[in-house]
Amino acid sequence: MTNFAYIFLMTAPAGAGAPSNPLVTFLPLIAVFVVFYFFMIRPQMKKQKELNNYRKELKRGDKVITTGGIYGRVYEVKENSITLEVGGDVKLRVDKNAVLKDPSVDE
């Protein structure tokens with residue numbers, strides 16, 4: 001085991017070989033960034049864009065959930081806030097950014 005580690009970790013002498021290409025050196029780092037972008041950043045941006053469009057298109061009667069977990073129906077829509085009807089005569093005014101789509105509602 002130690003011989004394998006010694007051979008694997010052994011480096012070439014300082015003056016031997018041709019100088020390495022900087023592109024080849026940074027290619028793995030670039031590849032990791034590209035994979036990270038397409039599997040993490042891009043889908044999250046798409047999801048955020050869909051959520052912003054949903055919030056812009058809210059109308060009276062839509063079922064929503066707040067980020068705090070309160071279920072309700074939209075009673076009134078204003079520019080930056082909405083009024084939710086949560087049961088009986090109880091109405092709550094919440095910021096539009098705190099509203100999520102109710103997953104129990106079928107499209």
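Quantities reported herein were computed from a predicted structural model and do not represent experimental measurements.

### Some points on a nonpolar patch on the surface
- The grouping of Leu23, Phe26, Leu29, Ile30, Phe33, Val34, Val35, Phe36, Phe38, Phe39 and Met40 at the surface amounts to a nonpolar patch, some 1,200 Å² of accessible area in total.
- For Phe36, the location among the structural elements is in helix α2 (residues 22-56).
- Looking at Phe36, the relative accessible area reads 42%, which means it is partly exposed.

### Description of the environment of Thr83
- Note that Thr83 resides in strand β3 (residues 81-87).
- Setting aside chain neighbours within four positions, we find Thr83 in contact with Arg73, Val74, Tyr75, Glu76, Lys91, Leu92 and Arg93.

### Section: the sheet that holds strand β1 (residues 63-66)
- An order of β4-β3-β2-β1-β5 is seen for the five strands of this open sheet, with the pairing classed as antiparallel. Edge positions in the sheet fall to β4 (90-95) and β5 (99-101), since each of these pairs with one other strand and no more. Here the strands of the sheet are splayed against their neighbours by 50 degrees on average, with no regard to which way each runs.
- Judged from the four bridges that link them, strand β2 (residues 71-77) and β3 form a sheet pairing that is antiparallel. Of the residues in β3, the one forming a bridge with Glu76 is Thr83.
- Contacting β1 and β5, α2 runs over the sheet at an angle of about 105 degrees to β5.

### Quick notes on the pairing of β3
- A loop of three residues connects β2 with β3, the two strands running antiparallel in sequence.
- What sits between β3 and β4 in their antiparallel hairpin is a turn of two residues, with Gly88 showing a positive phi close to 65 degrees.

### Re the nonpolar core
- Core analysis: the biggest nonpolar cluster contains eight residues, these being Tyr54, Leu58, Val64, Val74, Ile82, Leu84, Val94 and Val99.
- Excluding residues that lie within four positions of it along the chain, Ile82 makes contacts with Leu58, Val74, Glu76, Val77, Leu92, Arg93, Val94, Lys96 and Val99.

### Let's talk about the confidence of the model for the protein chain
- Residues with a pLDDT of 70 or more make up 79% of the protein chain, whose mean pLDDT is 85.
- No element of the protein chain has a lower mean pLDDT than helix α1 (residues 2-9), at 59, and none a higher one than β4, at 96.

### Quick word on the packing of aromatic side chains
- A complete count under the given rule lists one aromatic pair for this structure.
- Between Tyr37 and Phe38 the ring centres are 5.2 Å apart and the planes differ by 85 degrees, which places this aromatic pair in the edge-to-face class.
- For Tyr37, a relative accessible area of 29% puts it in the partly exposed group.
- A relative accessible area of 46% places Phe38 in the partly exposed class.
- Across the ring face of Tyr75, the terminal group of Arg60 is positioned such that the distance to the ring centre comes to 4.5 Å.
- Between the NZ or CZ atom of Lys91 and the centre of the ring of Tyr75, over which it lies, the distance is 4.5 Å.

Criteria and thresholds
- Residues numbered from 1 in each chain as written.
- Predicted model: local features only at pLDDT ≥ 70, side-chain atom pairs only at ≥ 80, totals over all residues.
- Heavy atoms only, no water.
- Patch = residues over 30% accessible without salt bridge, like charges linked within 9 Å, V, L, I, M, F, W, Y side chains within 5 Å.
- Areas by Shrake-Rupley, 256 points an atom, 1.4 Å probe, with all protein chains shown as cover.
- Salt bridge = Lys/Arg side-chain N within 4 Å of Asp/Glu carboxyl O.
- Helix = DSSP H or I, 4+ residues; strand = E, 2+ residues; numbered from the N terminus.
- Buried < 20%, exposed > 50% of the residue type's maximum accessible area, 1.4 Å probe, protein only.
- Contact = heavy atoms within 4.5 Å.
- Pairing = 2+ DSSP bridges.
- Axes fitted to C-alpha atoms, helices over the stretch in contact; angles between N-to-C directions.
- Core = buried A, V, L, I, M, F, W, Y, C linked by side-chain atoms within 4.5 Å.
- pLDDT = per-residue confidence, 0-100.
- Phe/Tyr/Trp six-rings, centres within 6.5 Å; stacked < 30°, edge-to-face > 60°.
- Lys NZ or Arg CZ within 6 Å of the ring centre and 35° of its normal.

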